[in-house]
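Next come the chains, spelled out residue by residue.
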Amino acid sequence: MEDLLLSIVKEAGNCKLTNLKQRAQEAHDLLAAQNNLMRNPSYELRSVCFLPLKLSLESKKSKLVTLSVSGFNKIIRDERFQCGTEPEDDSLWLPAQLLLATSSLLSQCEDTQVHILRVVLNLACSASWALNGRLVMLMIGRCGDAYEAGTQPIRAAAQAAASQTLTAFCTFLDEECQEILQQQQKHKNSGSSAEMVYTKTSAVACFNEAIPVMQYICSKLEESKQLTKSNELTVYLLECLLTFVSTLPHTVHSNIHFTTFLWQRFCPALLAFLGTPGHPTGHPLTTSQTKIVYSTGIQVVRLVGRERALRPVLEALFHRMLLLPSPPKRLEPLRAAKELLRSPGRLADLLLLSGPIHRHAGDDMAIIRLIMDSIEESSTCSDTSVLLASVECVGALLGSLEALCRGEGLNQEAADITNNRYVTLEQSDYSGPLTYESLARLPKPYRDVVANLKYQSDSDSSGIEGNIPENEGGTESDCSGATEGPEDAILSDDSIMDDESFLTNQQLQKLYKLPKSLNLGRSGVDECNTDMERHNARHFIKTLQQSLLPNLLTLRSSIQVDEVLQEFASKCCQHNSAQNYEISTIMNADGIYLATYSALLLDLKLVQSGQYEDKSIPVPITEAQFVEEIHGSGVLVYVSATWLCEVYQNVLSKSLLISAGYDPKSSHQPSLISLLTDIGGLSVSQLLSDWQKLQRLHISTDTSPEIEAGIKLSRRVLTCCWASVISVLGLPLSETTCPNGTSALSRLVARRARQKYKQKMRDDVITTCLEGLHKAASLSNTLKLQSRSSSILSLLSASSCKNQGTKLLASHALSLDVLLSKGLELGSHSSACWPHVFSACVAVATLEHSLFSKTGSTQLLMVAQNPQNNIVTSTTRSDSNEKLHMAFNITGDEETVDIYSFLHNTSHMTNDINDTSIAEIVEKSGANNTQGQRILSGVYAAKVCCVLSQKSDELFHAAALRLSLPGLCSFLTELCKASHMQLFTKYEESPRQEKKWWKKELEIQQKPPATLLLHRIGEVTLKSVKSGRPLIHIMKLWSIVGPHLMQAACHKDRTISKKAVTCIHDAVTALLNEQAELPHFHFNEALIKPFENLLCLELCDTDVQDQIVACLCEFVEANRTEICSGWRPLFGTLRVANTRNNAASILDVFKIFLSTDNTLVFANAALDYIMCLLSHIKNSNVDDLPSEPVQVNQYNEKKSLFLDKEAEFPSKLLLGPVDLCIESLKLLQSCASILSAIHNMPKCPTFNLTHRMNIDTHPQLVDSVVQNSDINYFNQINMNHISYENLSTQSDFENCEKQKITLAHLDKQSNILKIYYILLEGLASASTLAATKNQPYIVETLFKLIRDLIENPGINFGFYCINHILLPMVQNWLRQNVKVQKPGEVWQNFKHCCGLASELVVDYLYELQKNDDNLENDHPGAILALKQLLLILIDCISQPSENIARLGSSCIRHVILSAGKILTVYQWEILVLALHRACTVSLNPLYQLSLVFKEHSDSFYGDLATVKVAARKDTSVSENERLYELAQQVFLMQSQRYCSKCQTKFCECEVTKGVIIDDRSYVFLLYPYDSSTILNPDLYTIRVPFKNIVVGILAHQMLIQTVSSALLQNLNHITPILNILQISSCSLRGILTKVNAKHIDVLLKCLEISNIRAKEFDVRPGLKFLIQKVGNLNKAANLYTQANTSEVVQIIVLIELCLDGIGKYNIDPRNLKDILAREEKTICLSDLDYVENFLKKLYSKWNKLCDSYVNLTLVIPEVSEESDEDTIEEPVYPKPFKLSDFKQEETDNVSISTDTDSYLEKDILPDLKNEDNIIDSNENKDTQLQKNHSSNESLLALKKNNGNNSENNNSTDDETNEMAAKSNTKQIYEKCKIDLNVIKYDKNTLLQMRKSTLSNDRLNSIIYDKPNEPSKLKASQSWVKDEPKRTDSKLVPHTAVSSRSNPFISNSFPPSQPVPTEIQQQRMMSIFKDSETFKTTRIETMEACLELLTSLSAEKLSPLATILKQGAVSLVGAQDEKIKKSAEILLQRMNISYIDHDNY
């Protein structure tokens, strides 16, 4: 410095500046005089030195100026000028002295000014200098002056000097403050807290000096604003202000004076300076000015942002900055806001309000909301720059939040404040209004300023969002913006499980509904024993609490816990099933298992919520929800609601866990608690507890109070701004644009040159949006806001998951990376995220497919650009890990690259791949550079794709292994939804492209995408199963996955359906291998259920069916012991499976099941097994497949060996349907034997009966009503008085119930007999439904099984099965066969079955007698069986089929023969009643026809109704031939059937010649006479088929033979002559041991009815003639043999009975005479009564027999004395026929119709239609009677009915001939009514005759049959002519019949019918011949009876004298010498004189 002064002295001397020289010399001298001891103060030295420097500067001499400036610098640097303390006068301080010295600054040149300003800058930068506010203001003023007047360099220097000065001043103040605080710190242990506060305030008081400086600058600003040209100075002042505010330390906020100044002066000044946007009077600020103002405002936030009192001021400032300008003018405010938001510290300042809350205090989030409102509004602006700025603001905010989460921007104090304010993370959630509110929140001064500004704002201002007043505190508000708030409910863990909309939307219930539970409606008191259920539940809780839980809490592993719980559930059910209560609790292990978990989980929730201590806390789940949670679990649950409710209440009342020793406060939690936490999703992280433990071991999470506080603050901001953030980031992505149809995103790819800049801006916006979304996704994870993240992921997936071919945008790659990396954690908390994550997976797979498929064209470029020599391999993970190996052949060097090579070192433990993150690959690719165009291609695209693909795999892998149960369930639910959408919605690759017309057809063939999520479902399911999860996880998982896989299996695309079935197969196989099912569990049933549903509902095609069957067979082969409850659906599936291709495999399955040694498993599935076998037995139909006849014969040969289990069958290769049936029958037998064995076990397992719970409610019985047995009596009296009430089955059924012979009583609790019953019932049903060829095997099996029942389970059950299964089945089969015409083989099978049934009942009766000798009380089951059997046999006898009628008769005979000796009295009574009913029913058709004719009438048109004969084409020629043979057999006597000319079995000479037997059957139609008055006469028409009559009589005669045989055995007194009776001998000896008089009486009535019906027929010559014609008989039909036989047998038996009775009761002749005088008793109470009746019957019978013979003999020429007839006109010939001979005692008082020729003249065809081909009686006789094949001359027009035509070529053997029966059932009757329009019957009373009616030639030949009697014809003719005129005393006079209600009874005489002469002649001849036959038979009968009596000894004859006398006496006068002589001998032997009538 001294040298510089000397230089000035020298220079001044040269310049003659004396004063300067002198001052400079003085200064030099003073400096030189300074020494250590004597020193001047620094200010003195400075003032002396500054003076010459000042003068030098003012001299303007360049050298001096230079020296001056240099001097200034030296003074500032020299320590001599700095040391010591400064004086109080601040004018002596260095800054003031410098200012004084440089006062000429403005007059200097530019360089000098710059140099001087640099001196000031140097001064400001020096370490130690004294400074105060006044000096600072002076310096700022000096610099400002220079700035205002200077050039650009001067301004820069001035600005720098001023700024540095302000900075130094602030630093000086801060140091001073810190110094005071340090002093206080030293003395902190001394002094009170009050002193401490005072001291702190004192320290901050240093900053009071800053206030004037700020005031000064503000004043200068205001002044400058008034000036017109002050822009330059304004910028300077603003920069100074900004610098000052920026440099002030944060501690200044404690200075109350400073903060007061801020809100009262400083901020209003800023607001005023900013002015109103667009105000015309003010000077608009430049961009640079506003930037500075905004930055100043942000620094104010730094200083006082945490001061609650100043918050309104800041709000006003930011309101002016961000809300008042219109959106297009907000670019700079937004950039300023970005600066604010990008700093974590500034955010913290805004968030951490300090101080007490007072009335006008703002809330902490107001400014954040204000800023976000502005940003959100700006984001809708059309200016891309503003849009980009707003998006960048949001990005900056999110970036700051991320930094906050790392603890940046927070100090210890802020962290403590935050953590104290928000103890938990959830407490930091923002819950106020979501948009910035109105002016009401501002203090009054600011309200006025802002209101003024608002008033002045122009039209383009956006204004404030709303002017809605609110509470001044702003913390409570009803107002919310247009966005959703954070108060939106977060999805609870349970709600994920309750999402049923998926099933509803897909209508999946229609396809498959896994049973939610088998609730069985057992929740009501009526349906279950409530007390029992509750008691059981309490016992369960007690066991759980005392036995199970203490053990569970000690276990270390979750798997162990689960296994113990499974065992516990199994044992509970075992214990329950062992109870022998009448009403047991229905439960299964699945229900107990789930209930145990639910109860413990509820307990844990209550413990954690503190509900046990404080009952006011609400319970987490209601009782109804608890019950539904278990019942709705998707698993088969058998637990009643009552039981569950009791469990729930017990858990509520007392904690099971705590009472068992659980300590919730313990740091170590037992595995049980972890397991329950996983099931309930109770942990914050939705990952499995075990995985969390592993994570904690591997990943050390550094945490600190700052990080914790930062996370809470970030969460607060994000909960407040979430909707705005999403809105701003989502808007640009969702925009639609451009006319070319491209989306907002596709613009990144397609740009045009003229839009390059604009497009780049848009690209920047979108990229920034995506980056923001990436940050938001990360934050939502970090801040535990995953529940809100779905909106982010939806935006990301919508933008990035589009099919871009092989092009990949860098931003899209990063988005996919976020979706896949964060997806798992976000989705586990919010199920709404999953669809977007899955979209990303599909997008990656699609990208991979397009990149690495053979058609990927970019591969060539990619490989060519890469220098490495490797092989390209790609794993298409989406396609079930099938690898595609591709080597690309490149022309040239053939360079290829291994794109997966860089992944080799990656680890599965970390979520992100650090070595090769997407960001790094993108960075390396240069895609984000200007030239990169943001598109990844070639190798980089491939590398990115591979990383993403691996992340996709990792996502599914992690989900399967790590997610807790609720998380996994939501994951799978959404995955199934996504897969369903993928599979079942129309997939179009390019929806925007217009299809060409020639490509339209291809749309139909479009297939789903190649990258199916279905593969992922299978993969996740398999991994979950194999991951060792507890069973409850698998149960819930399967209830979600199973239905979807089942639905996918129905897909029309074969590859998809095949894959779905494979997925089910793999999952089931894995489960069977991994998880052993314990007893009483039914989960395996749910596993195989999808297969059953697929087949049962016929949802899939045959290929899939075959695949399913193959799967099932594989399960059985591999895991037969593990299937357990799965057998049920397995058999349910096989039951409906197609067996053509799988017969061998299915049989193997059946055999394997029977070999199982687990009785519980067998009991559970036995019913399904049986039903399955039965289904195959029924459905195995030989007709389906052509089988070689050799094989069939082979089966038939082995029929006898069928029941032998060792019988060999064809190999499996030859297995056809027949074999499957036979094998199934053998298996069914084995099954029955197993059931028998189990029945004997002491502890019989309970059998599953869910298919048919009400099996034994209404057992079937045989119908006791014989069909078509009704008779129309035409007002005549029915003489049959016998009652068949004893044949009713109802009483016996009730007796069975009384004696407990019912299924319910016989069965044990185990239901085994019900299963046995179902087996037999199914087999019986199969017997009738199966293929004809299989029926014999089935029937044989059925009878063998029923016969085996005798031994075990016992004869009672056997009888029950016979009564309610077998016999009803036989009857149903019979009636079913009658309705439908079937081939003879079916009847053959039925006959076999019926015969076996008869034999079986007899065997059972024998067994019963063998087991119980004392049979006083009849066994009700046996009685019922006998009755039902007999009813069926009666039904058989009533059938119009010869074979069946013979069968019925034979079986009855068999029963009598076999069981007669052992039948009880009551059983005999039933038997004889049945016989009587059978005899009656068999004659009903004949009787019905007879009733139409009056006695002795020769009319064949009917007397009481019109008879017509109709023909139907419903039979075959062979059947008709057989029928005519039978007609001859039953209607002709044996002598009439043979003649000397014919050597064959029947006489054919008079019948078959010229007669052609056709295929028509004949029906007698009985019409009412007044049919013209009836609207529909066909309703009253009775149809009597000719066949029914013939077969009925045949059966009847067989029955009568049986009855006769029975009665004629063991005769003690009389020996019948059987050859006379034509009864073949039969061994019936000893069968009548239990027969009493009552039974004999009924049997006699059988004979009586036979006799009566035969005689009734025989006295109707017209009817007999009609039958003769219809039946092709050569003689008149008659039943003489039947009448005579029954009569003679009656007489024989009565003689025997009378002799027995007379002997037994000692009846003498006088008593006998008295008995005969009495009337017959109707009710007999004792045997004596019966004997008396027998005596009377014998008396009556004998007398009638004798009378009939005596009357008969009167017609012979030798007239006897007793004859009362007139003399015969021509005695040479015997009288042809006497009607009186047929007259009985009771004659009908009805006129006899006669036929006269006169009727031929009448018009009898008034209504005849042309198409009615009937015989016109007006035609000449030749035409009428000449029968040819012309249809016009047939009796009846037949229009063929296909249903009635049947051709059968069967043998005519009596026993085997199968007649196609045209049954006379009501059904056929109804059918006939319908066919009336088709088959035209004659509406007139024509005789409808058969074609075989004899011609004239034949008639003549018959008439002149005997040439020796030429005049016979004349006699016949005269008899015919004289007949109408003959009046006979025996004839009934013509009297009219009284009126009647029956339409058959006419009110007037029936009109006489015209008869052609020729027919009259035929009838006359027939009647004449018949009278001869009648006489012959009468004589034979009389002779036989006399011979019989003659054979008796005198002792036996004498008691009968009284009875026989009268008849014998009358016979003495007979003309026949033989009879006369026999009668005389008889009288002599009885000691009776036939001359003396008065012996007695």
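Residues numbered from 1 in each chain as written. Predicted model: local features only at pLDDT ≥ 70, side-chain atom pairs only at ≥ 80, totals over all residues. Heavy atoms only, no water.

**Student:** Hey, could you run me through the overall build of the protein chain in this one?
**Tutor:** If you tally the helices and strands in the protein chain, you get 77 helices and 7 strands. Out of the 2040 residues belonging to the protein chain, those deemed buried represent 57%. A fraction of 80% describes how many contacts in the protein chain between residues 6 or more apart in sequence connect residues 24 or more apart. Counting only carbon and sulfur atoms, one obtains 51% of the accessible surface of the protein chain, whose full area is about 86200 Å². (Helix = DSSP H or I, 4+ residues; strand = E, 2+ residues; numbered from the N terminus. Buried < 20%, exposed > 50% of the residue type's maximum accessible area, 1.4 Å probe, protein only. Contact = heavy atoms within 4.5 Å. Areas by Shrake-Rupley, 256 points an atom, 1.4 Å probe, with all protein chains shown as cover.)

**Student:** Would you take a moment to explain the environment of valine 1530 for this structure?
**Tutor:** Position of valine 1530 relative to the elements: it lies in helix α61 (residues 1517-1531). Valine 1530 sits in the buried class, given a relative accessible area of 4%. Residues valine 1530 and valine 1591, 61 residues apart in the sequence, show an inter-C-alpha distance of 8.9 Å. When residues no more than four places from it in sequence are discounted, the contact partners of valine 1530 are Val1590, Ile1593, Leu1594, Gln1597, Asn1678 and Leu1679.

**Student:** Would you mind going over the packing of helix α36 (residues 834-852) against helix α39 (residues 938-962) with me for this structure?
**Tutor:** The geometry of a pair of packed helices is captured by two quantities: the angle between their axes and the separation between those axes. One way to put it is that α36 packs onto α39 with a least axis distance of 9 Å and a crossing angle of 140°. Taken together, α36 and α39 sit at an angle that is classed as oblique. Considering only the axes of α36 and α39, their crossing is left-handed. Residues Val837, Phe838, Cys841, Val844, Leu847, Glu848, Leu851 and Phe852 of α36 touch α39, and the partners they reach there are Ala941, Ala942, Cys945, Cys946, Leu948, Ser949, Ser952, Leu955 and Phe956. Classifying every residue of the contact of α36 with α39 by side-chain character gives 14 nonpolar, 2 polar and 1 charged. (Axes fitted to C-alpha atoms, helices over the stretch in contact; angles between N-to-C directions. Parallel < 35°, antiparallel > 145°, perpendicular 65-115°, else oblique. Left-handed = near helix turned anticlockwise from the far one by under 90°. Nonpolar A, V, L, I, M, F, W, Y, C, P; charged D, E, K, R; others polar.)

**Student:** What's the story with the nonpolar core in this structure? I'm lost.
**Tutor:** Soluble globular proteins tend to pack their nonpolar side chains together in the buried interior. Core analysis: the biggest nonpolar cluster contains 521 residues, and Phe266, Phe971, Trp1127, Leu1134, Leu1320 and Trp1742 have the highest contact counts within it. Of the residues forming this core, the biggest block, 14 residues, is contributed by helix α55 (residues 1355-1379). With near-sequence residues (within four places) excluded, phenylalanine 971 lies in contact with Trp834, Phe838, Phe956, Ala959, Leu963 and Val1020. (Core = buried A, V, L, I, M, F, W, Y, C linked by side-chain atoms within 4.5 Å.)

**Student:** Looking at this structure, I do not really get the pattern of salt bridges. What am I missing?
**Tutor:** Pairing is possible between side chains that carry opposite charge, provided their charged atoms lie close to one another. All told, the structure shown has 45 salt bridges when counted by the stated rule. Measuring nitrogen to oxygen at the nearest pair gives 3.1 Å for the salt bridge that ties aspartate 349 to arginine 346. Here aspartate 349 pairs with arginine 346, and both are found in helix α16 (residues 344-351), just 3 residues apart, close to one helical turn. Using a relative accessible area of 2% as the deciding quantity, one classes aspartate 349 as buried. We classify arginine 346 as buried; its relative accessible area is 18%. When salt bridges that share partners are traced, they join Asp953, Arg1016, Glu1019 and Lys1023 into one network. (Salt bridge = Lys/Arg side-chain N within 4 Å of Asp/Glu carboxyl O.)

**Student:** Looking at this model, I keep getting lost on unusual backbone geometry. Mind explaining?
**Tutor:** Note on backbone geometry: most residues besides glycine have negative phi, and most peptide bonds are trans. With an omega dihedral of 10°, the bond running from asparagine 1352 to proline 1353 counts as a cis peptide bond. Here proline 1353 shows up in the loop between α54 (1335-1348) and α55. Not every positive phi belongs to a glycine, and histidine 1080 is a case in point at roughly 75°. Relative to the helices and strands, histidine 1080 is located in the loop between α43 (1054-1074) and α44 (1083-1096). Here histidine 1080 falls in the buried class, since its relative accessible area comes to 19%.

**Student:** I'm lost on the pairing of strand β5 (residues 1506-1512) in this one. Help?
**Tutor:** The two faces of a sheet get side chains in turn, since along a regular strand they alternate between them. With 7 of 7 residues buried, β5 is to be regarded as a mostly interior element. Residue alternation in β5 divides its side chains into two sets, Thr1506, Lys1508, Ala1510 and Arg1512 and Val1507, Val1509 and Ala1511, and both sets are buried. Both β5 and strand β6 (residues 1561-1567) contribute to a ladder of 7 bridges, which runs antiparallel. Its bridge partner being in β6, alanine 1511 is matched across the sheet by tyrosine 1562. (Pairing = 2+ DSSP bridges.)

**Student:** I tried to follow helix α34 (residues 790-800) on my own but got confused; where do I start?
**Tutor:** In an α-helix, one turn spans 3.6 residues; hence positions three or four apart end up facing the same way. With 8 of 11 residues buried, α34 is to be regarded as a mostly interior element. Of the residues making up α34, those classed as buried are Ser790, Ile792, Leu793, Leu795, Leu796, Ser797, Ser799 and Ser800. On its buried side, α34 packs onto α32 (705-730), α33 (756-782), α35 (810-829) and α36.

**Student:** Sorry if this is basic, but what is going on with the pairing of β6 here?
**Tutor:** Most of β6 sits out of view: 7 of its 7 residues are buried. What you see with β6 is no split at all: Ser1561, Val1563, Leu1565 and Tyr1567 on one side and Tyr1562, Phe1564 and Leu1566 on the other are buried throughout. As paired strands, β6 and strand β7 (residues 1582-1585) are joined by 4 bridges and run antiparallel to one another. In the strand pairing of β7, leucine 1566 is matched with isoleucine 1582.

**Student:** Is there a simple way to explain the sheet that holds β6 in this structure?
**Tutor:** Backbone hydrogen bonds hold the strands of a sheet together, and the pairing may be parallel or antiparallel. Here 3 strands make up an open sheet; going across it, the order is β5-β6-β7 and the pairing antiparallel. Edge strands, defined here as strands with exactly one partner in the open sheet, are β5 and β7. The mean angle between the axes of side-by-side strands here comes to 30°, regardless of whether they run parallel or antiparallel. In the packing of helix α63 (residues 1586-1607) onto the sheet, contacts are made with β6 and β7, and the angle to β7 comes to roughly 55°. Against the sheet, helix α66 (residues 1661-1670) engages β5 and β6, with an angle of about 150° to β6.

**Student:** Could you clarify how one ought to interpret the packing of helix α10 (residues 210-226) against helix α11 (residues 231-247) in this entry?
**Tutor:** Interaxial distance between α10 and α11 falls to 9 Å at its minimum, and their mutual angle equals 160°. When the interaxial angle is binned, α10 and α11 end up roughly antiparallel. Considering only the axes of α10 and α11, their crossing is left-handed. Residue-level contacts link Ala210, Val213, Met214, Ile217, Lys220, Leu221 and Ser224 of α10 to Thr234, Leu237, Leu238, Cys240, Leu241, Phe244 and Val245 of α11.

**Student:** When you look at the environment of valine 213 in this model, what are you seeing that I'm missing?
**Tutor:** Relative to the helices and strands, valine 213 is located in helix α10. Exposure remark for valine 213: the relative accessible area of 0% places this residue in the buried category. For valine 213 and leucine 166, which are 47 residues apart along the polypeptide, the C-alpha to C-alpha distance reads 9.0 Å. When near neighbours in sequence (up to four residues on either side) are disregarded, valine 213 contacts Gly133, Val136, Met137, Ile140, Leu166, Phe169 and Phe244.

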